[in-house]
Amino acid sequence: MTDARALLDGRRLVVLTGAGLSTDSGIPDYRGPDSPPRRPMTYAEFVSGEPAQRRYWARSHVGWARMRRAEPNAGHRALAALQCPLITQNVDGLHGEAGHRDVVDLHGRIDEVICLGCRRVGGRDDLQRRLTELNPGFTESVSAEIESAPDGDAALEATDGFRIAACRACGGVLKPHVVFFGENVPRDRVAHCYAMVEELEPDTGALLVVGSSLAVMSGLRFVKHAAKRDVPVVIVNRGSTRGDDLATVRVDTGCSEFLAELAAERSAYPTSPPNEGAVRAL
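Basis of the calculations
- Residues numbered from 1 in each chain as written.
- Predicted model: local features only at pLDDT ≥ 70, side-chain atom pairs only at ≥ 80, totals over all residues.
- Heavy atoms only, no water.
- Buried < 20%, exposed > 50% of the residue type's maximum accessible area, 1.4 Å probe, protein only.
- Helix = DSSP H or I, 4+ residues; strand = E, 2+ residues; numbered from the N terminus.
- Pairing = 2+ DSSP bridges.
- Axes fitted to C-alpha atoms, helices over the stretch in contact; angles between N-to-C directions.
- Left-handed = near helix turned anticlockwise from the far one by under 90°.
- Contact = heavy atoms within 4.5 Å.
- Core = buried A, V, L, I, M, F, W, Y, C linked by side-chain atoms within 4.5 Å.
- Salt bridge = Lys/Arg side-chain N within 4 Å of Asp/Glu carboxyl O.

Chemist: Can you help me understand the pairing of strand E7 (residues 205–210) in this one?
Modeler: When a strand is regular, its side chains alternate between the sheet's two faces. Within E7, six of the six residues are buried, which leaves it mostly tucked inside the rest of the structure. Side-chain alternation along E7 places Gly 205, Leu 207 and Val 209 on one buried face and Ala 206, Leu 208 and Val 210 on a second face that is also buried. As judged from the six bridges shared by strand E1 (residues 12–17) and E7, these two strands associate in the parallel manner. Bridge pairing in E7 links Arg 12 to Gly 205.

Chemist: What exactly am I supposed to notice about the packing of helix H3 (residues 50–67) against helix H6 (residues 124–134) here?
Modeler: Describing two packed helices takes the angle between their axes plus the distance from one axis to the other. The geometry of H3 relative to H6 is characterised by a closest axis approach of 11 Å and an angle of 115 degrees between their N-to-C directions. Remark: the crossing between H3 and H6 carries left-handed chirality. Across the interface between the two elements, Trp 57, Ser 60, His 61, Trp 64 and Ala 65 from H3 touch Arg 124, Asp 125, Leu 127, Gln 128, Leu 131 and Thr 132 from H6.

Chemist: Just to check I follow, could you spell out unusual backbone geometry for this structure?
Modeler: Trans is the prevailing form of peptide bonds, just as negative phi is the prevailing case for residues other than glycine. Phi at Leu 214 takes a positive value of approximately 55 degrees, unusual for a residue other than glycine. Tracing the backbone through its elements, the reader meets Leu 214 in the loop between E7 and helix H9 (217–228). Although it is not a glycine, Asp 230 adopts a positive phi angle of roughly 65 degrees. You can see Asp 230 is positioned in the loop between H9 and strand E8 (233–236).

Chemist: So what exactly am I meant to see when it comes to the nonpolar core here?
Modeler: The nonpolar side chains of soluble globular proteins are, as a tendency, buried together. Ranked by size, the top nonpolar core spans 26 residues in total, and within it Tyr 56, Trp 57, Ile 110, Leu 127 and Leu 174 carry the most contacts. Of all the secondary-structure elements, those providing two or more residues to this core are H3, strand E4 (108–115), H6 and strand E6 (174–178). It is H3 that contributes the most residues to this core, seven residues altogether. Look past the residues within four positions of Tyr 56 in its chain and what remains in contact with it is Met 41, Phe 46, Ile 110, Pro 176 and Phe 180. Judged by nonpolar contacts, the second largest core, of 24 residues, contains Leu 7, Leu 8, Phe 258 and Leu 262.

Chemist: Before we go on, may I ask you to explain the sheet that holds strand E3 (residues 103–105) in this structure?
Modeler: Note: strands within a sheet are paired through backbone hydrogen bonds, in either parallel or antiparallel orientation. Across the sheet, six strands lie side by side as E3-E2-E1-E7-E8-E9; this open sheet has parallel pairing. Strand pairing shows two members of the sheet lacking a second neighbour, E3 and strand E9 (249–251), which therefore form its edges. Each strand axis lies, on average, 15 degrees off the axis of its neighbour in the sheet, ignoring direction. Strands in contact with helix H8 (residues 187–198) are E1, strand E2 (86–88) and E3; relative to E3, the strand with the most contacts, it is inclined by about 145 degrees. Across the face of the sheet, H9 comes into contact with E1, E7 and E8 while running at roughly 155 degrees to E7.

Chemist: Can you walk me through the sheet that holds E4 in this structure?
Modeler: Read from one edge to the other, the open sheet built from three strands follows the order E5-E4-E6, with strand pairing classed as antiparallel. What marks the edges here is a single partner per strand, and that holds for strand E5 (121–123) and E6. Ignoring which end each strand starts from, the neighbouring axes of this sheet average 45 degrees apart. As paired strands, E4 and E5 are joined by three bridges and run antiparallel to one another. Of the residues in E5, the one forming a bridge with Val 113 is Gly 122. Sitting on the sheet, H3 touches E4 and E6, and the angle it makes with E4 is about 140 degrees.

Chemist: Would you take a moment to explain the pattern of salt bridges for this structure?
Modeler: Taken as a whole and judged by the stated rule, the model has 11 salt bridges. For Glu 50, the salt bridge goes to Arg 54, with nearest N and O atoms at 3.0 Å. In this pair, Glu 50 and Arg 54 are both assigned in helix H3, four residues apart and thus about one turn of the helix distant. One salt bridge connects Asp 126 with Arg 168, and the closest N-O pair in it is separated by 3.4 Å. Taken together, the positions of Asp 126 in helix H6 and Arg 168 in the loop between helix H7 (138–141) and E6 put the pair 42 residues apart, joining distant regions of the chain. Residue Arg 168 is classed as exposed on the basis of its relative accessible area of 59%. Three or more residues joined by partner-sharing salt bridges are found here, namely Arg 5, Glu 261 and Glu 265.

Chemist: What is the right way to look at the environment of Val 178 in this model?
Modeler: Along the polypeptide, Val 178 turns up in strand E6. Once the C-alpha coordinates of Val 178 and Asp 105 are considered, the two residues, 73 residues apart in sequence, prove to be 9.1 Å apart. In this structure, Val 178 is in contact with Val 91, His 107, Gly 108, Arg 109, Ile 110 and Glu 183, ignoring residues within four places of it in sequence.

Right, here's the structure in full:
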């Protein structure tokens, strides 16, 4: 960890976070060393019809009831103290809750819902209340032994009879306002993240990756872009990542521990240049 913090000292940072950052908040990750195999619903499955949507919303109804109780951990708070431009692959919204202002939610937010018909965006809590009214006692009937997933899902099999809610405005299909597997991240959001990396100079900047296996191109492309520009890349993650061969320094350790020490050092010795002119989040 010492080599990584020494490299980052005094540099302007852009941070890319993944599910491993939120495990200390009780939210499981996708591909950690002890994570079971996971198969999230794809976009094609979701739009295939009401049976798939019923299965998704029944599982998500249970998972969201748990996920919404999660609180930012020491890693989120450390990054909020640093206030570096941040790209997160997580959908849990914990960076914002911790007080981080400059955040791009690359894959969207699970606390929002979008209509696939009229494209109206609403709050998840309102939908949760509607689903509870339509399915009284459903969440309470599910055993606490049912495993939760990183995207607010739950490993629930018995979903027959679950009643789903339609868009209040047009009666269309509601979907969580997140990017499903098989769905593309909006182009303007991707361009914005590339611009954040473009702000970094090889001699004065660095890309810090925390808690991501970089298994999907969605996040890996920004690591590739930084490396192509000779911007140092520091990866902090439990277990190997797909970007290890691009890393200037690779640290196999816990996210919260590393970030807390990094924030403490940069606070005690404020040698980092301000992120003047940094591109603001959408």
